[in-house]
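The primary structure of each chain is shown beneath.
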Amino acid sequence: MKTKPFNISKQSVWEAYKKIKSNRGSAGVDGVTMEKFELNLKDNLYKIWNRLSSGSYFPPPVLRVEIPKSDGKIRPLGVPTVADRIAQMVVKQQLEPNLERVFHNDSYGYRPRKSAIEALKQTRTRCWRNDWVLDLDIKGFFDNINHELMMKAVAKHTQDKWILLYIKRWLKADVHMPDKMIVKSDKGTPQGGVISPLLANLFLHYAFDKWMERNFPTIPFERYADDSVCHCKSEAQATMLKNALEKRMQEVKLELHPEKTKIVYCKDANRPNTYPNIQFDFLGYTFRPRKSKNRYGKHFINFSPAISNKAKIRIREVIRGWKIQLRSDKSLKDLAYMFYRQIQGWINYYSHFYKSELHPLFQHLDERLSWWATRKFKKLRGHKARARDWLRAIAQREPKLFPHWKLLYASYLVKQ
């Protein structure tokens, strides 16, 4: 029996498949969905293992999908095939434990046992301790990662030839554009690939995290993938850091976004200030001065996060896209079942700080439900106020039907 050049276990392919299945995801350039892949699961997994083990695995082109952004621009995503996602997961499973041992504690993005909420809490605490923030934005980061520097970083952490071989092939994989053109890749890693977030973290570990440790050890930061904020004691220190980072990004073939990278004053006291930037967005939250009340009932200014306007706009767009008012064939319980998970997801993420900022969003959702009721029930047609009262009565009777009702009617439920 011939031995394979690379020692890759079938079990590792099976474990990779289970993770990819749980993550769902759409079909790639070959149009094969997970359901279609599973029709011949045993043979398909064997092919992946056989090709990976023999060194003959070559990734198919990555399907480019363009997602509209709130600023009118597009976010390019790369969608690998189901088989390629499994192959990437095999490599990720092998490489990630080695990298986790060296990654910086303040790198939070796409890491096991790390979360965006942890990053936000740390950011808030450090904004209270430091008066200035350098809000960083790397221009087109995923599309501009230098392949040579990337492979140099990978080689520091593995001697496995098959890992080096396949990562290089994934970096060089062709891109299948929306207009059907095939484009060669000479830089970047597709945002949307299974291995891409790990590679991005590794690249910035050396390009940013370790560089900050060496050159500015007293300046704390939080990084979530390519989004970073640095906490400075003075405007002069923030300016010095910004200038140094502009040079550093040039050294690693990247560029700070000239408009989106900015110095912010973390105003947190009742004193006038004319500095132009007193807020920044990070991970879907806006950090800015907000009125708070202490235990003695006295108001003060508190520099803290709450859901950002951009996130509110995105959520409103999703709610409008549901077209609730046109679903008169559904019952209220049907609607709750259809949208429960999405609404609960918003609450889980955006209610950690200043949850009252969510109220207008969910009042808007209830307006949509009231509109639906005026179309559903004859007795409510043309009576918006009556429909709102009807819905509120149900919410107070059955507060668990929709997850946002517990938030909107919390004070009423406490009295009950």
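Below you will find a few notes about this structure. Not measured: the values here are computed from a predicted model.

### Quick notes on empty space enclosed by the protein
Scanning the entire structure with this criterion turns up two cavities of 30 Å³ or more. The space that makes up the largest cavity amounts to roughly 90 Å³. Elements supplying a minimum of two residues to the lining of the largest cavity: helix H4 (82–100), helix H8 (161–172) and helix H9 (196–215). Partitioning the lining of the largest cavity into residue classes produces 10 nonpolar, four polar and one charged. Empty space within the second largest cavity amounts to approximately 50 Å³.

### Focus on the side chain of Gln88
In this structure, Gln88 sits in helix H4. Sequence-distant contacts of Gln88, defined by excluding residues within four places in its chain, comprise Pro80, Trp170, Gly193, Val194 and Ile195.

### As for the packing of aromatic side chains
Two measures describe an aromatic ring pair: the distance that separates the ring centres and the angle between the ring planes. Under the definition given, this model contains 24 aromatic pairs. Seen in terms of ring centroids, Trp132 and Tyr265 are 5.0 Å apart; in terms of plane orientation they differ by 45°. Their pairing is tilted. You can see Trp132 sitting in strand E3 (residues 132–137) and its partner Tyr265 sitting in strand E8 (residues 262–265), a full 133 residues away along the chain. Judged by relative accessible area, Trp132 falls into the buried class, the value being 12%. Measuring from centroid to centroid gives 5.6 Å for Trp211 and Phe216, while their planes differ by 50°, and the two rings are tilted. For Trp211, a relative accessible area of 9% puts it in the buried group. Its relative accessible area of 13% is what places Phe216 among the buried residues.

The rules behind these values
Residues numbered from 1 in each chain as written. Predicted model: local features only at pLDDT ≥ 70, side-chain atom pairs only at ≥ 80, totals over all residues. Heavy atoms only, no water. 1 Å grid on protein atoms, 1.4 Å probe; cavity = no way out; pocket = protein on both sides within 12 Å on 5 of 7 lines; lining within 4 Å. Points joined across faces, edges and corners; volume = space filled by probe spheres on them. Helix = DSSP H or I, 4+ residues; strand = E, 2+ residues; numbered from the N terminus. Nonpolar A, V, L, I, M, F, W, Y, C, P; charged D, E, K, R; others polar. Contact = heavy atoms within 4.5 Å. Phe/Tyr/Trp six-rings, centres within 6.5 Å; stacked < 30°, edge-to-face > 60°. Buried < 20%, exposed > 50% of the residue type's maximum accessible area, 1.4 Å probe, protein only.

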